[in-house]
Amino acid sequence: MSKTKTIDQSQSGRSRTYERLTPESTVLLLIDHQVGLVSGIRDLTPDEVRHNVVAFARAARVLGVPVVLTSTAPMMWGPTLPELTEALPGVDNIERSVVNAWDEPRVRDAVKRTGRQKLLIGGITTHVCLAFPAMSAVADGYDVYALLDASGTWSDLLQLTAIDQMRQAGVTITSGAAAFVEMLHDNASPIAGEFYAALDLPATRYILQITQGGKSA
């Protein structure tokens with residue numbers, strides 16, 4: 001089990017020098033995106049989170065970012081979203097019983113084997129499945145980014161308290177929409193078209209339809 005460590009505030013997310021996310025430095029950890037849990041979230045719509053987490057999984061594959069997938073107690077919370085497992089062929093779903101995914105050695109080992117120190121995490125629910133492992137991973141020396149648009153919980157209050165708790169522990173609060181575009185880095189990249197198609201952001205889709213329609217007119 002991961003041991004709790006004292007966090008040096010000089011190294012927390014509030015004072016670190018900014019370092020750009022890159023596909024070579026980053027790993028994506030997706031926690032408990034299960035049918036029953038997703039259906040109960042209220043701070044975002046379940047459909048929005050389903051769309052986002054699948055989009056980020058696909059974008060990660062385009063960029064070559066490794067993905068670690070875990071679920072808990074499927075007999076209670078249902079199976080992992082089928083569209084998510086479909087988007088991650090060949091990625092093992094690490095089933096566990098412990099609440100905090102970071103307390104599961106197989107999850108920690110899977111992240112460690114990637115050799116990356118920047119850890120993007122999305123989880124259902126935000127106040128448990130995201131917050132607990134995010135803070136634990138910071139304590140173990142990882143640079144952790146909480147993806148709020150790949151997470152969700154039962155109320156706005158629970159989301160706000162989780163954000164405050166994670167910030168104090170040194171977790172960077174962000175979105176997958178921002179983190180993945182940051183990793184693309186250059187719109188002239190030969191994979192940019194495939195990347196944006198995988199990410200499938202509604203606003204980006206609309207803008208591309210307008211600009212591409214104008215070029216073909």
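Everything that follows concerns the structure shown earlier in this document.
Residues numbered from 1 in each chain as written. Predicted model: local features only at pLDDT ≥ 70, side-chain atom pairs only at ≥ 80, totals over all residues. Heavy atoms only, no water.

Draft legend 1. Representation of the packing of aromatic side chains. Enumeration over the complete set of coordinates arrives at three aromatic pairs. Centroid distance Phe56 to Phe180: 5.5 Å. Interplanar angle 10°. Geometry classified as stacked. Placement of Phe56 in helix α2 (residues 46-63) and of Phe180 in helix α8 (residues 176-184) is noted, with a sequence separation of 124 residues between them. The exposure classification of Phe56 matches that of Phe180, with both residues buried. (Phe/Tyr/Trp six-rings, centres within 6.5 Å; stacked < 30°, edge-to-face > 60°. Helix = DSSP H or I, 4+ residues; strand = E, 2+ residues; numbered from the N terminus. Buried < 20%, exposed > 50% of the residue type's maximum accessible area, 1.4 Å probe, protein only.)

Draft legend 2. Summary view of the sheet that holds strand β1 (residues 26-31). Strand order in the open sheet formed by six strands is β3-β2-β1-β4-β5-β6, and the pairing between neighbours is parallel. Unpaired on one side and paired on the other, β3 (93-96) and β6 (172-174) mark the two borders of the sheet. Put simply, the sheet's adjacent strands are angled 25° from each other on average, direction ignored. The sheet contact formed by strand β4 (residues 118-123) and strand β5 (residues 143-147) spans four bridges and is parallel. Counted as the bridge partner of Leu119 is Val144 from β5. α8 rests against β1, β4, β5 and β6 of the sheet, and its axis sits at about 150° to β4. (Pairing = 2+ DSSP bridges. Axes fitted to C-alpha atoms, helices over the stretch in contact; angles between N-to-C directions. Contact = heavy atoms within 4.5 Å.)

By themselves, these observations are geometric and do not establish any function.
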